[in-house]
Amino acid sequence: MKVIRAETAGFCMGVELALKKLDLLLEERSGKGPIYILGPIIHNPQVLAEYAAKGVITAKSPEDIPAGASVVIRAHGVPKDIEERLRRRDVTIVDATCPKVKKAQVLIARSTAEGRKLLLYGEESHPEVKGLLSYAAAGAHVFDDRAALFGKLAKDEKYCLASQTTQDLVTFEALAGELGELPEMDLVVLNTICDATKLRQDEATSVADEVALMVVVGGFNSGNTRRLVQVVASRMIPCLHVETVEALPLEEISRFDCVGLTAGASTPKKMIDEVEACLKRL
């Protein structure tokens, strides 16, 4: 079987940075007390299981973390009030929030401080989105499709438009264009989509155009991985989303001569390598 693997498949800069910070903390704090992460550090169950085996504990709230412990803030960031509660506790904090998410938080804080209401394109339940919303001083509306956006606009309101960092840039730009054409719309558009996200989506599209089937590897709870699946599906190409090599439906895949392979930004290289090797043996 011919397998075309996307060059950008796998960890992005933000994920690599977050895990490096956690790894360094594990080295420095070995035998010196518990290490916590505030929420899953990245959205990959297998990676989280590996860290749990090393003694890293996932906490749901700052109050779950005992005095004297070390805690890492997840790559997706946390809401402003959660971070403030954490900093009031007697713990050692390592902030592993992705720099691109930090930038989005700052841009939203600046724009909404001027009285603009935030229009945020993203998944309301996603931890990154919850964090971004906490920086919207003048209020916010989250939407994940066009209808949910245009049904909530008020003529006498000033707005800023932003996005979850892993959303589809093409869709976001189309929505921004539509809003900009509305009469008397007072709008500032914030560039908060990560370049790495756009690059991975573009490459997934390019690979999909050359193959009969796409395989996307990554956590089912990973927003950017699900977005890759959606982007591929928009090309009318069959697409399989799996977390591990064991989940591959080999009999189904063996019907295809040429398969494309990509992965979410929180998927380790070794997991992508395992899937690629398995596909090439078919």
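Within any chain, residue numbers begin from 1 and follow the written order of that chain's sequence. Totals for whole chains, interfaces and linings use all residues, but because this is a predicted model, local features are given only for residues with pLDDT of at least 70 and pairs of side-chain atoms are given and counted only at 80 or more. Calculation of side-chain values draws on the structure's entire complement of heavy atoms; hydrogens and water are dropped beforehand.

Quick word on the pattern of salt bridges
Any Lys or Arg side-chain nitrogen located within 4 Å of an Asp or Glu carboxyl oxygen qualifies as a salt bridge. Per the stated rule, a full pass over the model turns up 15 salt bridges. Arg 226 is the salt-bridge partner of Glu 123, the closest N and O atoms lying 2.3 Å from each other. You can see Glu 123 sitting in the loop between β6 (117-121) and α5 (127-133) and its partner Arg 226 sitting in helix α9 (residues 223-233), a full 103 residues away along the chain. Among the ionic contacts, a cluster of salt bridges with common partners joins Arg 5, Lys 269, Asp 273, Glu 276 and Lys 280. Under the DSSP-based scheme used, a helix requires at least four consecutive residues in state H or I and a strand at least two consecutive residues in state E, with every element numbered from the N terminus.

A look at the environment of Cys 239
Following the sequence through the fold, Cys 239 ends up in strand β11 (residues 239-242). On a C-alpha basis, the gap between Cys 239 and Val 217 in space is 11 Å, while along the polypeptide they are 22 residues apart. We call two residues in contact whenever any of their non-hydrogen atoms come within 4.5 Å of each other. When sequence neighbours within four positions are dropped, the list of residues in contact with Cys 239 reads Leu 213, Met 214, Val 216, Val 229 and Val 232.

Remarks on the sheet that holds β11
Any two strands with at least two DSSP-identified bridges between them are counted as paired. Overall, parallel pairing links the four strands, which are arranged β1-β12-β10-β11 in an open sheet. Across the chains shown, the open sheet's two edge strands, defined by having one partner strand only, are β1 (2-5) and β11. Strand-to-strand twist of the sheet, defined as the mean angle between neighbouring strand axes without regard to direction, takes the value 25°. Pairing between strand β10 (residues 213-217) and β11: four bridges, direction parallel. Between N-to-C directions, angles cover 0 to 180 degrees, with each direction set by a line fitted to C-alpha atoms, over the stretch in contact for helices.

Notes on helix α7 (residues 169-180)
Here the expected span of a helix is defined as 1.5 Å times the quantity of residues minus one. End to end, α7 covers 16 Å across 12 residues, agreeing with the expected 16 Å (1.5 Å per residue, within 8%). Looking at the buried side of α7, the elements it contacts are β6, β7 (140-143), α6 (146-150), β8 (158-163), β9 (186-189) and α8 (195-208). Each polar contact in these results corresponds to two N or O atoms within 3.5 Å; when the atoms are within protein, one needs to be able to donate a hydrogen and the other to accept it, and residues that are neighboring in sequence are counted only if both atoms are side-chain atoms. With a side-chain oxygen positioned 3.4 Å from the backbone nitrogen of Val 170, the residue opening α7 is Asp 168.

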